Amino acid sequence: MRTVVVTGAGRNIGLAIAGGFAAAGDQVVLNARSAGAVEQAAAQLVEGGARAVGITGDVSRQEDVRRLVAGAEDAFGPVDVLVHCAAVRVHRDFLDMSSEEWRMPFQVGLDAAFHCAQAVLPHMVEQGWGRIIHLAGVTGQTGAARRASVVATKSGLIGFTRALAHEFAGTGVTVNAISPGMIDTERGDWTSLGDQSATTEHYNRRSQQIPARRMGRRAEVTAACLYLASDDAGFVTGHTLNVNGGMFMG
Ligand SMILES: NC(=O)c1ccc[n+]([C@@H]2O[C@H](COP(=O)([O-])OP(=O)(O)OC[C@H]3O[C@@H](n4cnc5c(N)ncnc54)[C@H](OP(=O)(O)O)[C@@H]3O)[C@@H](O)[C@H]2O)c1
């Protein structure tokens, strides 16, 4: 049985991915910062017959990542699959963007990817098998106004994915990214993200501009993730798998 760690698994896509691995028979460790969210989600998976635990922690902090990976090992054994899904949204006119708003997505996206990969790779290399999957995003490929820090982070994650794929090719470890377009998720209070126009209505309207004429489903991102984590994808590395309904309009 594989041990799978999913960061950012407290809600939406990360939670769906964790559920997908659990349903496939893997042992799943769910992580997010909010106390209670991942423990509750893991308890629900366990009720359904899965093996799952929730471990809270901020993956932008190396000590929290070490605790997460050690906790996963204690619960189920060394990590075989890492899915780094944690992210924060920042919508802000570039000239109004604070240093904090510039840095935050990097810390949760890239610093965390660095800490996580360093923590899980030694075991993966030693056993000659491992899977690392980073959640990027279409705006990292197309650019998008008012999202400079998120776009740069997602672009950086795609580059980081390729760098690791090169460095660890031939070890049995693959490193890939999934780049979702607009996925149907619960988006909470958009105004708190710094963008008064980013309402559900706005996103419903934008979804009509997607070539597929709909938003993607969490299950569709999950399926992409399960494929990249499978043995069948052993020759796929450094790839960015677009799950975007043809959306490359930025
Ligand atoms: N939804 C979309 O349409 C879309 C499109 C393109 C790309 N994506 C990417 O897909 C991934 C999932 O998206 P989503 O919409 O499901 O995101 P979401 O609803 O915002 O969920 C993000 C998750 O990350 C956790 N998180 C945030 N900061 C963290 C930290 N420092 N350490 C640990 N966990 C942290 C959050 O929980 P806490 O706040 O409790 O920590 C939450 O569980 C993200 O990487 C996102 O950028 C999504």
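Thresholds, definitions, all that
Residues numbered from 1 in each chain as written. Predicted model: local features only at pLDDT ≥ 70, side-chain atom pairs only at ≥ 80, totals over all residues. Heavy atoms only, no water. Phe/Tyr/Trp six-rings, centres within 6.5 Å; stacked < 30°, edge-to-face > 60°. Helix = DSSP H or I, 4+ residues; strand = E, 2+ residues; numbered from the N terminus. Buried < 20%, exposed > 50% of the residue type's maximum accessible area, 1.4 Å probe, protein only. Contact = heavy atoms within 4.5 Å.

### Section: the packing of aromatic side chains
Point 1. Summed over all chains, the structure comprises 1 aromatic pair.
Point 2. Between W102 and F106 the ring centres are 5.0 Å apart and the planes differ by 50°, which places this aromatic pair in the tilted class. Taken together, the residues W102 and F106, both in helix α4 (residues 99-127) and 4 residues apart, mark about one turn of the helix.
Point 3. Classification of W102 as partly exposed rests on a relative accessible area of 36%.
Point 4. The exposure class of F106 is partly exposed, given its relative accessible area of 23%.

### Structural notes on the environment of V81
Point 1. Inspection of the secondary structure puts V81 in strand β4 (residues 81-84).
Point 2. Take V81: its relative accessible area is 0%, and that puts it in the buried class.
Point 3. Spatially, the C-alpha atoms of V81 and A163 are 18 Å apart, while their sequence positions differ by 82 residues.
Point 4. Among residues more than four places away in sequence, those in contact with V81 are R2, T3, V4, V5, F21, M124, W129, R131 and A229.

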